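Structural description and commentary
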Amino acid sequence: MEQTVSMQNVSKHYDGFSLKDVSLTIPRGYITGLVGPNGSGKTTLIKLIMNLIHADSGAIRVFGKSYTGNEREIKANIGFVYDEPGFYQDETVKGMKDIVAPFYDTWDERQFEQYRERFQLPLRKKIKKLSKGMKMKFSLALALSHNADFIVMDEPTSGLDPIFRRELTELLSDIMQNENKTILFSTHITAELDRIADFITYINNGEIVFSREKDDIIESFALVKGPNAVLKKALKDKLAGFRQTEVGFEGVTDQMDEVEAQFGDQLVIEKPSMEDIMFYYSGRET
């Protein structure tokens, strides 16, 4: 499978936080969801992929190339959507577009107009007068109007209403009709990825917990419920994480066959959601 991004043993250290020895591939032609709790390292990982910060160790290749000597070529083929776009607030939508467009040799004015009309973006309105949702739509229109093959989205729906979040996932599904496109979608709202993601990378505390096909993840995990009397060490060792109350416990396991064989008649075993897996796999035991 051809890779859009390859990271090998990448580390980045800050005071109080470290991204630790990350090895990760993002396959071409698919949507990869990057999920994890706030502060888990999602934005640091994206900044490394974008070469906005430099790794302390390890190797990163995008489109099969390192950034050394190839940065302009690589970034010209990436559309980047931030949670908080860095626009000039006193510029109008048209003025900001006119600033951005010349940076891309492949800028497509007709495509921008199509997105502007679809998103109902007012050309003469100043950026500072736009709602957060409209700023995000403008950022999307810019990112999608220069025929980029790799779209990187860092928490693009944070704080936005459910209608726009659904509209965005439908738009991304439309984009993926072109099999050469790749999307990396960072979010902590896992319901969005349930609908559109092909692969899921889960990061927690600066480490990649797993990076697999979404359907494989859902099939490999089980949601387990039962009375506290069953929750002995033999079962705890087979749970990726669990929550215990006075009346019982709930958790997830990726050892479904063993759990069912040993404890099946004492437990309720169900299919989990991505949110269930993310919550319990974060290592919480409460």
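Residues numbered from 1 in each chain as written. Predicted model: local features only at pLDDT ≥ 70, side-chain atom pairs only at ≥ 80, totals over all residues. Heavy atoms only, no water.

Topic: the sheet that holds strand β6 (residues 150-154)
Let me state the cut-off plainly: Two strands qualify as a pair provided DSSP detects at least 2 bridges between them. Helix and strand definitions here come from DSSP, where helices need a minimum of 4 consecutive H or I residues and strands a minimum of 2 consecutive E residues; each element is numbered from the N-terminal end. What counts as an axis is a line fitted to C-alpha atoms, over the stretch in contact for a helix, and the angles between N-to-C directions run from 0 to 180 degrees.
The sheet built from six strands is open, its strands ordered β5-β6-β7-β3-β8-β9 with mixed pairing. Of all strands in the sheet, those with a lone pairing partner are β5 (78-81) and β9 (207-213), marking the two edges. Averaged over all pairs of adjacent strands, the angle between their axes in this sheet comes to 15°, without regard to strand direction. Looking at chain direction, strand β3 (residues 31-35) and strand β8 (residues 199-204) are connected through four bridges and run parallel. Bridging from a neighbouring strand, T32 pairs with F199 of β8.

Structural notes on the packing of aromatic side chains
Counted only if it meets this: Any pair of Phe, Tyr and Trp rings, taking the six-membered ring for Trp, is counted once the centres come within 6.5 Å. Such a pair is stacked with planes under 30 degrees apart, edge-to-face with planes over 60 apart, and tilted for the rest. Throughout, exposure labels follow a simple rule: accessible area from a 1.4 Å probe, protein chains only, divided by the maximum for the residue type, with under 20% read as buried, over 50% as exposed, and the rest as partly exposed.
Throughout the structure, instances matching the rule amount to 10 aromatic pairs. With centroids separated by 6.5 Å and ring planes inclined at 75°, the aromatic side chains of F112 and F138 adopt a geometry described as edge-to-face. Within this pair, whereas F112 is found in helix α4 (residues 109-119), its partner F138 is found in helix α5 (residues 132-143), the two being separated by 26 residues in sequence. Of the residues examined, F112 reaches a relative accessible area of 0% and is grouped as buried. Relative to Y280, the ring of F279 lies with its centre 4.9 Å away and its plane at 80°, an arrangement referred to as edge-to-face. Grouping aromatic residues by their ring pairs yields a cluster made of F87, W107, F112 and F138.

Concerning the nonpolar core
To be explicit about the condition: In plain words, nonpolar cores are sets of buried Ala, Val, Leu, Ile, Met, Phe, Trp, Tyr and Cys residues tied together by side-chain atoms within 4.5 Å. It only takes one pair of heavy atoms within 4.5 Å for two residues to be counted as in contact.
Ranked by internal contacts, the top residues of the largest apolar core, which has 47 residues, are F138, L140, M153, L172, I183, F185 and I200. With seven residues, the top contributor of residues to this core is α5. Apart from residues no more than four positions distant in its own chain, L172 is found in contact with I31, M153, I183, F185 and I196. With 25 residues, the next largest nonpolar core counts V5, L48, I49 and I203 among its residues.

So, the environment of Y82
Along the polypeptide, Y82 turns up in the loop between β5 and α3 (93-100). Overall, the relative accessible area of 35% leaves Y82 in the partly exposed class. Residues Y82 and D154, spaced 72 residues apart in sequence, show a C-alpha to C-alpha distance of 5.2 Å.

Remarks on unusual backbone geometry
One non-glycine residue, Q120, lies in the positive phi region at around 55°. Within the element layout of this structure, Q120 appears in the loop between α4 and α5. Q120 gets classed as exposed once you look at its relative accessible area, which sits at 67%. Its identity as a non-glycine residue notwithstanding, N205 has a phi of 55°, on the positive side. Looking at the element boundaries, N205 is found in the loop between β8 and β9.

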